[in-house]
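# Descriptive structure summary
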Amino acid sequence: MSEQSRRPRRPAKPYRRPQKDPVRILAFEALRAVDERDAYANLVLPPLLRRAREKDGFEARDAALATELVYGTLRRQGTYDAVIAACVDRPLREVDPPVLDVLSLGAHQLLGTRIPTHAAVSASVELARVVLGDGRAKFVNAVLRKVAQDDLDGWLAKVAPPYDEDPEEHLAVVHSHPRWVVSALWDSLGGGRAGIEELLEADNERPEVTLVARPGRATAEELLREEAAVPGRWSPYAVRLAEGGEPGAVAAVREGRAGVQDEGSQLVALALANAPLDGPDRTWLDGCAGPGGKAALLAALAAERGAALLAAEKQPHRAGLVAKALHGNPGPYQVVTADGTRPPWRPGAFDRVLMDVPCTGLGALRRRPEARWRRRPEDLENFGPLQRGLLRTALDSVRVGGVVAYATCSPHLAETRAVVADVLKQHPETELIDARPLLPGVPALGEGPDVQLWPHLHGTDAMYLALIRRTG
């Protein structure tokens, strides 16, 4: 008998159960909801975090890490896809979506956080074992070990084409935006490389939480007494919460006397409210009022002048949100479920009209990073007729001497200036008002008369505003 055959066999290693990491499991669940159900992370994540606090004893640092993993992965998805594609032996479309989500979470930990390399890989492999099984966990381990061989700058040098050869594709990969979005934003912004890079970088930064004090019900001074609160930049009703500030902990927000609202949205409402009128100022209309943030601010401003607001919203559930936002307003208001393209009110009934139209949402990519991957250029063709129809309704609804605000949370020229120009050609009895003086103190507002706000220049969503007076 040989020496080898007499040597006792080593016992097989006992099977080790995968270690469950509640933070990473929650982040994976959020990404799956975004991918499978076309959900938005800002709607999916809060209930998941509430459940985790109750069930798993999540602390603030756990919630912060889960939030960073979800939003960081979504913001940099295009970049991470390019890196992962360089590390697998098949097209990404052939990788199962749940596997790709685990790989993306791992890539973000390796390339976008300070988590040590060994911890990022091992935690991702353990997550894969829990949610995918041991077999696919081996694939995840092999891919992430390749990703870990370089840092983000090193990978970008490999996977992004040189700027001089293909500027748009370079920016698309480096800043994780679809190429068509890069092109559209660049057209709207104008200028050279520095400006577009600053804009794309701003889209990938975590936005501040901004509160609005609803006039007559709360003040900015009251909100500033909250911990981690600092003044807004431009709106007299705005207060920003520093990182970690929780709106739900603010009494005025819980009571509906204040709300969460981007400062760009506040500026749009304030500009309409302060635009000069010829004649009376008694009846205001918000023609696309859901979910109610601008309507609540307008209603409060109207109440201070003895004016009444009609808030119209086509979708019943969104009309319910408007009613909730307006509840407790000190002045007269009414909420109706109505299609703005087929209005139930008579023509010329209003002194001021806001039409904040449905759009691609390319101006709010900081808050909804997943939207950049869902939108397609053909979406513009679907929104265009609706946007034009709603602006025509707004012009029909305002009296002679009254003012219409056309607003959209997209800087795409096809949704902003093109819509206004097309509709005004059919309505010669109108004139554009210079909106810039109605945003006092706000810099870099362009040549007018319309206004385009930008995340990198103003710290707001990329809201567009055109003010139009009906002259006859």
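Quick summary incoming for the structure in this document. All chains use their own residue numbering, which begins from 1 and follows the written sequence. Totals for whole chains, interfaces and linings use every residue, but because this is a predicted model, local features are given only for residues with pLDDT of at least 70 and side-chain atom pairs only at 80 or more, for both listing and counting. Side-chain numbers come from the whole structure's heavy atoms, not from hydrogens or water.

## Examining the overall build of the chain
Rule in force here: Only runs of H or I of at least four residues qualify as helices and only runs of E of at least two qualify as strands under DSSP, and these elements are numbered from the N terminus. The rule is simple: take the accessible area with a 1.4 Å probe, protein chains only, and divide by the maximum for that residue type; under 20% is buried, over 50% is exposed, in between is partly exposed. Contacts are assigned to residue pairs that have any heavy atoms within 4.5 Å of one another.
Looking only at helices and strands, one finds 21 helices and twelve strands in the chain. Across its three principal directions, the C-alpha atoms of the chain cover 110 × 50 × 40 Å. Per-residue burial over the chain gives 54% buried out of 472 residues. Here the contacts in the chain between residues at least 6 apart in sequence split such that 73% fall between residues at least 24 apart.

## Some details on the packing of aromatic side chains
Under the convention used in this document: The rule is short: rings of Phe, Tyr and Trp, with Trp giving its six-membered ring, pair when the centres are within 6.5 Å, and they are stacked under 30 degrees, edge-to-face over 60, tilted in between.
Applying the stated criterion across every chain yields a total of two aromatic pairs. Ring geometry for Trp-345 against Phe-350: centres 6.0 Å apart, planes inclined by 85 degrees, an arrangement best described as edge-to-face. Like Phe-350, Trp-345 is buried. Geometrically, the ring pair formed by Tyr-406 and Tyr-464 is edge-to-face, given 6.4 Å between the ring centres and 70 degrees between the ring planes. Residue Tyr-406 is located in strand E9 (residues 398-408), and its partner Tyr-464 is located in strand E12 (residues 464-470); the two are separated by 58 residues in the primary sequence.

## Thoughts on the nonpolar core
Nonpolar side chains in soluble globular proteins tend to end up buried together. Note the cut-off: Side-chain atoms within 4.5 Å link the members of a nonpolar core, which is a set of buried Ala, Val, Leu, Ile, Met, Phe, Trp, Tyr and Cys residues.
Counting 50 residues, the largest nonpolar core has Leu-26, Val-70, Ile-84, Val-140 and Val-147 as the members making the most contacts within it. Mapped by element, the contributors of at least two residues to this core are helix H2 (22-37), helix H3 (41-55), helix H4 (60-75), helix H5 (77-85), helix H6 (97-111), helix H7 (117-131) and helix H8 (134-147). The greatest single-element share of this core, amounting to nine residues, is contributed by H2. Residues within four places of Val-70 in sequence aside, it is in contact with Ala-27, Ala-30, Leu-31, Ala-41 and Leu-45. Counting 43 residues, the second-largest nonpolar core is a separate cluster that includes Val-212, Leu-301, Leu-354 and Val-451.

## Examining unusual backbone geometry
Trans peptide bonds make up most of the peptide bonds, and negative phi angles are found at most residues other than glycine. Backbone torsion omega between Gly-290 and Pro-291 reads 0 degrees, so that peptide bond is classified as cis. Following the sequence through the fold, Pro-291 ends up in the loop between strand E5 (283-286) and helix H16 (293-304). Of note, the bond from Gly-448 into Pro-449 is cis; its omega dihedral lies within 30 degrees of zero at -5 degrees. Within the secondary structure, Pro-449 sits in the loop between strand E10 (430-433) and strand E11 (451-452). The phi dihedral of Ala-228 is positive, around 70 degrees, even though this residue is not glycine. Residue placement: Ala-228 occurs in the loop between helix H13 (220-224) and strand E2 (229-231). Non-glycine residue Ala-444 carries a positive phi angle of around 55 degrees. Here Ala-444 is to be found in the loop between E10 and E11. Owing to a relative accessible area of 47%, Ala-444 belongs among the partly exposed residues under this scheme.

## Remarks on the pattern of salt bridges
Rule in force here: In what follows, salt bridge is the name for a side-chain nitrogen of Lys or Arg lying within 4 Å of a carboxyl oxygen of Asp or Glu.
Scanning the model with the defined rule gives 37 salt bridges in all. As a salt-bridge pair, Arg-374 and Asp-38 come within 3.8 Å of each other at their nearest N and O atoms. One end of the pair, Arg-374, is in helix H18 (residues 371-374); the other, Asp-38, is in the loop between H2 and H3, and 336 residues separate them in sequence. According to the relative accessible area criterion, Arg-374 is partly exposed, its value standing at 23%. Taken together, the shared-partner salt bridges connect Arg-32, Asp-35, Glu-36 and Asp-101 into one network.

## Side note on H16
Rule in force here: How far a helix is expected to stretch is found by multiplying one less than its residue total by 1.5 Å.
Taking 1.5 Å per residue, twelve residues should reach 16 Å; H16 reaches 17 Å between its end C-alpha atoms and fits that length. What H16 keeps buried is the set Lys-294, Ala-295, Ala-296, Leu-297, Leu-298, Ala-299, Ala-300, Leu-301 and Ala-302. Residues of H16 that are buried make contact with strand E1 (209-213), helix H15 (263-274), E5, strand E6 (308-313), helix H17 (316-326) and strand E8 (350-356).

## Description of the environment of Arg-352
Mapped onto the fold, Arg-352 is located in strand E8. Judged by relative accessible area, Arg-352 falls into the buried class, the value being 4%. Here the alpha-carbon distance between Arg-352 and Glu-447, two residues 95 residues apart in the chain, equals 24 Å. Filtering out sequence-adjacent residues up to four positions away, Arg-352 remains in contact with Leu-272, Ala-273, Asn-274, Ala-275, Leu-277, Asp-281, Thr-283, Trp-284, Leu-285, Arg-305 and Val-403.

## Examining the sheet that holds strand E4 (residues 258-260)
For the record, the criterion: Strand pairing is assigned whenever DSSP detects at least two bridges linking the two strands. The axes are straight lines fitted to the C-alpha atoms, using for helices just the contacting stretch, and the angles between their N-to-C directions are given from 0 to 180°.
If you trace the four strands from one edge of the open sheet to the other, you get E2-E3-E1-E4, paired in antiparallel fashion. Every other strand in the sheet has two partners, leaving E2 and E4 as the edge strands with one partner each. The sheet shows a mean angle of 30 degrees between the axes of neighbouring strands, taken without regard to direction. Sheet topology places E1 next to strand E3 (residues 238-241); four bridges connect them, and they run antiparallel. Paired with Val-209 across the bridge in E3 is Leu-241. The strands that H15 touches are E1 and E3; relative to E1, the one it contacts most, it runs at about 30 degrees.

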